[in-house]
Amino acid sequence: MKQRIFTLRQTIEEGTEALREAGIEEAALDAWYLLEYTAGISRAAYYADPYRELDEGLALKYLGYIERRKKRIPLQHITKEQEFMGYSFYVNEHVLIPRQDTETLVEEVVKIVRAKMRDMEGRKSLRILDMCTGSGCILLSIMKMCPLA
């Protein structure tokens, strides 16, 4: 049996077209993110050599991710990662994907926490409860931004 040869360009074009045909709104962007995730390749490396051969195993893995995305599985559930407040968080199908509008909530909470910390003159008795909220991104981000909270 003849082995199929995959190039970076041909693979991403195939992925983009498959997502377009499935009605995925951001087909080209999603196809790129999945290639970057699968092959660990930067845009600069891609543009430097788009005809570079891609290992068949990686190409097939990528096309498998494309098939999952065609079924409307969120990109973040495929890659198991979402950035929130500049930090990378693990996400899977059991948690809500952190959204940008929630970052606004965290920014407001951080203002309140910092003000309370100033009023408490450095005492470490401030408590914040974050239960059953998913990835933990809200509390962990607050803790990173307000280390004494």
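It should be emphasised that the depicted structure is a prediction, and the values quoted were computed from it without experimental measurement. Residue positions are counted from 1 within each chain, in the order its sequence is given. Only residues with pLDDT of at least 70 are given local features in this predicted model, and only at 80 or more are side-chain atom pairs given and counted; all residues enter the totals for whole chains, interfaces and linings. Where side-chain values are given, they derive from all heavy atoms of the structure, hydrogens and water being excluded.

Asks: Whenever I open this one, the overall build of the protein confuses me. Can you help?
Replies: Each helix is a run of H or I in the DSSP string that is no shorter than four residues. Each strand is a run of E no shorter than two, and both are numbered from the N terminus. A count of helical and extended segments in the protein gives seven helices and four strands. From first element to last, N terminus to C terminus, the protein shows the α and β order β-α-α-α-β-α-α-β-β-α-α. For 149 residues, the compact-globule estimate of 2.2 N^0.38 gives 15 Å, and the protein exceeds it by more than 25% at 21 Å. With respect to the principal axes defined by its C-alpha atoms, the protein has extents near 70 × 30 × 25 Å. Each residue is placed in one exposure class: buried if its accessible area under a 1.4 Å probe, protein chains only, is under 20% of its type's maximum, exposed if it is over 50%, and partly exposed if it falls in between. Counting the 149 residues in the protein, one finds 36% classified as buried. Our radius of gyration is a C-alpha quantity, and the globule rule it is checked against amounts to 2.2 Å times the number of residues to the power 0.38.

Asks: Which parts of the structure should I look at to understand the pattern of salt bridges?
Replies: If the charged atoms of two oppositely charged side chains come close together, the side chains can form a pair. Within this document, salt bridges are pairs made up of a side-chain nitrogen of Lys or Arg and a carboxyl oxygen of Asp or Glu, the two lying within 4 Å of each other. Under the defined criterion, the tally for this structure stands at six salt bridges. Close ionic contact of E67 with K70 constitutes a salt bridge, the shortest N to O distance being 3.2 Å. A residue pair is termed a helical-turn pair when its members lie 3 or 4 positions apart in one helix, as E67 and K70 do in helix α4 (residues 56–70) at three residues. Classification of K70 as partly exposed rests on a relative accessible area of 30%.

Asks: What is the right way to read the pairing of strand β3 (residues 81–84) from this model?
Replies: Consecutive side chains along a regular strand alternate between the two faces of the sheet. Residues Q82 and F84 line the buried face of β3, whereas the alternating positions E81 and E83 sit on a face that is not buried. Strand pairing is defined by DSSP finding a minimum of two bridges between the two strands. In this structure, β3 lies alongside strand β4 (residues 87–90), joined through four bridges in antiparallel fashion. Within β4, the position partnered with E83 by the bridge is S88. From the end of β3 to the start of β4, which pair antiparallel, there are two residues, and M85 there has a positive phi angle of about 55°.

Asks: Looking at this structure, how should I read the packing of aromatic side chains?
Replies: Centre distance and the angle of the planes are the two values used to describe a pair of aromatic rings. Any Phe, Tyr or Trp ring, taking Trp's six-membered ring, that has another such ring centre within 6.5 Å forms a pair; planes under 30 degrees apart are called stacked, those over 60 apart edge-to-face, and the others tilted. Enumeration according to the criterion identifies four aromatic pairs in this entry. Seen in terms of ring centroids, W32 and Y46 are 5.7 Å apart; in terms of plane orientation they differ by 70°. Their pairing is edge-to-face. In this pair, W32 sits in helix α2 (residues 27–39) while Y46 sits in helix α3 (residues 43–48), placing the two residues 14 residues apart along the sequence. With a centroid separation of 6.3 Å and 75° between ring planes, the pair formed by F84 and F89 is classed as edge-to-face. Of the two residues examined, F84 and F89, each falls in the buried class. Ring pairing ties together the aromatic residues W32, Y46 and Y47, which thus form one cluster.

Asks: Sorry if this is basic, but what is going on with the packing of helix α1 (residues 8–21) against α2 here?
Replies: Between two packed helices, what matters for the description is the angle formed by their axes and the separation of those axes. Relative to each other, α1 and α2 sit at 135°, their axes nearing to 8 Å. Taken together, α1 and α2 sit at an angle that is classed as oblique. Considering only the axes of α1 and α2, their crossing is right-handed. The segment α1 lies against α2, with L8, I12, G15, T16, L19 and R20 engaging A27, A28, D30, A31, W32 and L35. When residue character is reported, Ala, Val, Leu, Ile, Met, Phe, Trp, Tyr, Cys and Pro are called nonpolar, Asp, Glu, Lys and Arg charged, and the others, Gly included, polar. Its residues assigned to classes, the contact of α1 with α2 comprises eight nonpolar, two polar and two charged. Angles shown run from 0 to 180 degrees and are taken between the N-to-C directions of axes, each axis being a line fitted to C-alpha atoms and, for helices, limited to the stretch in contact. To sort the angles, those under 35 degrees are grouped as roughly parallel, those over 145 as roughly antiparallel, those from 65 to 115 as roughly perpendicular, and the leftovers as oblique. Should the near helix be turned anticlockwise from the far one by less than a right angle, the crossing is termed left-handed; should it be turned clockwise, right-handed. Note on contacts: a residue pair is in contact if any heavy atoms of the two residues lie within 4.5 Å.

In short, geometric facts, not functional conclusions.
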